[in-house]
Amino acid sequence: MKRVLTFLAVVIFAAACAGNKNILNTKMAKYPASKYITKIASADKKAAAKEAAAADLKAIFNGLPPYESSDIRRAGILSQVKAVEWWKDKASGKYYAVAALQRAGAQETMAPYYGPIDGKLGALKQRIETAPDKYSRLRAAMDMEPLLKQREQLDSEYKILAFDASAYEEDELYAFKAAYNKAFYDIKFNAVITGVDDEAVKTLLIDSLNSMGFYVGEGLTNYDVELQIKTGVDKYPSKTTDGLFWCTGTAVIALKDMQTQGIFATFTQYERIGASRAEEAQRRSLLAVGANSAPVIKQKLLEYVNKK
């Protein structure tokens with residue numbers, strides 16, 4: 001008799017679970033993922049279940065850092081989150097609720113924030129396309145940088161709302177970025193590196209500048225800027241710690257405008273690294289020099305171009 005009762009209890013529980021699943025499927029059919037973002041929560045009380053589902057849905061924005069006007073913008077989006085369905089599970093006695101956010105409505109809320117940014121980006125894109133020389137194009141691209149950053153911040157929110165995780169007016173964004181990237185890529189750097197013969201340093205420095213959009217190589221015959229780099233090292237054992245070696249890597253860097261034949265910027269980059277082997281300390285200090293010189297080189301060039 002006990003086995004029969006146990007069996008019946010299992011059957012009733014399974015039927016209750018199946019029933020709850022069927023209810024869930026029926027409720028969710030009204031809110032396809034292509035049109036809605038949804039969250040489901042349960043609680044002992046109906047109101048608590050609704051609040052929990054809405055809170056879970058709103059939390060999708062919690063991982064994003066605050067941006068300019070983001071509080072007002074997100075408040076406008078999250079005000080559209082509604083608890084749209086609820087039911088009570090007979091087996092457990094718990095209440096379940098579904099919160100939903102309509103993608104299209106939330107995207108419409110964001111659209112006005114793009115207008116001023118995209119208008120300015122469009123004007124700068126036209127400036128790049130009609131500029132008389134490389135440096136004029138680069139100046140326009142530099143003006144694009146903060147706007148593209150603002151655009152990226154908006155899109156981090158917009159992509160959550162888009163079913164395919166696409167950016168707002170993605171084709172237009174690609175056109176802006178293509179103009180921006182070309183303006184940087186058109187500036188050719190020829191790297192002349194002397195001093196400590198470390199291929200890794202050369203590779204890292206050149207790769208770092210390339211990653212910023214510039215065209216950088218060695219042995220070029222037609223280029224705009226000569227990047228003169230002389231590396232050096234100063235190795236010595238630690239006076240306080242046995243087995244520790246210090247190395248100060250140094251790069252003396254000069255930038256020469258091939259159009260005017262004048263050097264327009266010079267600076268020295270130092271990086272001090274400690275390691276258990278002198279060779280490792282040298283390698284790491286020079287790699288640090290290479291990596292940290294790249295953004296300074298970019299900044300020096302942009303400062304020069306602004307005055308040119």
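No experiment lies behind these values; they were computed from the predicted model shown.

## Some words on the packing of helix α4 (residues 103–130) against helix α6 (residues 170–185)
Now for step 1: Contact geometry of α4 with α6 gives a least axis separation of 10 Å together with a crossing angle of 40°. Relative to α6, the element α4 lies oblique. As α4 packs across α6, the resulting crossing turns out to be left-handed. Facing D118, L121, G122, K125 and I128 of α4, the residues of α6 in contact are E172, A175, F176, A179, Y180 and A183.
Now for step 2: Broken down by class, the residue content of the contact of α4 with α6 amounts to 7 nonpolar, 1 polar and 3 charged.

## Overview of the packing of aromatic side chains
For any pair of aromatic rings, the description rests on two quantities: the centre-to-centre distance and the angle between the ring planes.
Now for step 1: Taken as a whole, this structure holds 11 aromatic pairs when the rule is applied.
Now for step 2: The interplanar angle of 50° and the centroid separation of 4.9 Å between the aromatic rings of Y180 and F184 together place this pair among those described as tilted. With Y180 and F184 both in helix α6, this residue pair falls 4 residues apart, about one helical turn.
Now for step 3: On the accessibility criterion, Y180 (14% relative accessible area) is buried.
Now for step 4: When its relative accessible area of 0% is taken as the criterion, F184 is described as buried.
Now for step 5: Ring centres of Y185 and Y215 lie 5.2 Å apart, and the angle between their planes is 75°; on these two criteria the pair is classed as edge-to-face. Of the two residues, Y185 is situated in helix α6 and Y215 in strand β5 (residues 215–217); the sequence distance between them amounts to 30 residues.
Now for step 6: For Y215, a relative accessible area of 29% puts it in the partly exposed group.
Now for step 7: One aromatic cluster is present, built from ring pairs that chain together Y180, F184, F189 and F214.

## Describing the sheet that holds strand β1 (residues 36–43)
Two pairing modes exist for strands in a sheet, parallel and antiparallel, and in both the strands are linked by backbone hydrogen bonds.
Now for step 1: As summarised here, the arrangement of the 3 strands in space is β1-β3-β2, forming an open sheet in which the pairing is antiparallel. Looking at strand neighbours, the two that pair on one side only are β1 and β2 (82–88), the edges of this open sheet. On average, each strand axis in the sheet is inclined to that of its neighbour by 20°, with strand direction left out of account.
Now for step 2: As judged from the 6 bridges shared by β2 and strand β3 (residues 95–102), these two strands associate in the antiparallel manner. Of the residues in β3, the one forming a bridge with E85 is V98.
Now for step 3: Strands in contact with helix α2 (residues 46–58) are β1, β2 and β3; relative to β1, the strand with the most contacts, it is inclined by about 140°.

## Topic: the side chain of S208
Now for step 1: With respect to the helices, strands and loops of the structure, S208 is situated in helix α7 (residues 199–211).
Now for step 2: In this structure, S208 is in contact with A291 and A294, ignoring residues within four places of it in sequence.

## Some thoughts on the nonpolar core
Now for step 1: Residues F189, L227 and I297 are the most contacted members of the largest nonpolar core, which totals 66 residues.
Now for step 2: For this core, the element with the most residues is helix α5 (residues 134–161), which contributes 11 residues.
Now for step 3: Among all residues touching I297, those that are not within four sequence positions of it are F189, L205, L209, L227, I253, L255 and F267.

## Points about the side chain of Q282
Now for step 1: Note that Q282 resides in helix α8 (residues 278–307).
Now for step 2: Non-local contacts of Q282, meaning those with residues more than four positions away in its chain, are made with V196, V233, K235 and C247.

## Describing the sheet that holds strand β7 (residues 245–257)
Now for step 1: Ordered by their spatial adjacency, 5 strands build an open sheet running β5-β4-β6-β7-β8, and the pairing between neighbours is mixed. In the strand order of this sheet, the two ends are held by β5 and β8 (262–275), each with one partner. The sheet shows a mean angle of 20° between the axes of neighbouring strands, direction not considered.
Now for step 2: Of the strand pairs in this sheet, strand β4 (residues 188–195) and strand β6 (residues 225–237) are connected by 7 bridges, and their pairing is parallel. Looking at β6, one finds that A191 is bridged to L227.

## Regarding empty space enclosed by the protein
Now for step 1: In this structure the tally under the stated criterion is 1 cavity of 30 Å³ or more.
Now for step 2: Considering only enclosed or pocket space, the largest cavity measures out at about 30 Å³ in volume.
Now for step 3: Broken down by element, the lining of the largest cavity gets its largest block of residues, 3 residues, from α8.
Now for step 4: Per-class residue counts for the lining of the largest cavity are 7 nonpolar, 3 polar and no charged.

What counts as what
- Residues numbered from 1 in each chain as written.
- Predicted model: local features only at pLDDT ≥ 70, side-chain atom pairs only at ≥ 80, totals over all residues.
- Heavy atoms only, no water.
- Axes fitted to C-alpha atoms, helices over the stretch in contact; angles between N-to-C directions.
- Helix = DSSP H or I, 4+ residues; strand = E, 2+ residues; numbered from the N terminus.
- Parallel < 35°, antiparallel > 145°, perpendicular 65-115°, else oblique.
- Left-handed = near helix turned anticlockwise from the far one by under 90°.
- Contact = heavy atoms within 4.5 Å.
- Nonpolar A, V, L, I, M, F, W, Y, C, P; charged D, E, K, R; others polar.
- Phe/Tyr/Trp six-rings, centres within 6.5 Å; stacked < 30°, edge-to-face > 60°.
- Buried < 20%, exposed > 50% of the residue type's maximum accessible area, 1.4 Å probe, protein only.
- Pairing = 2+ DSSP bridges.
- Core = buried A, V, L, I, M, F, W, Y, C linked by side-chain atoms within 4.5 Å.
- 1 Å grid on protein atoms, 1.4 Å probe; cavity = no way out; pocket = protein on both sides within 12 Å on 5 of 7 lines; lining within 4 Å.
- Points joined across faces, edges and corners; volume = space filled by probe spheres on them.

Everything listed here is a matter of geometry and, on its own, says nothing about what the molecule does.
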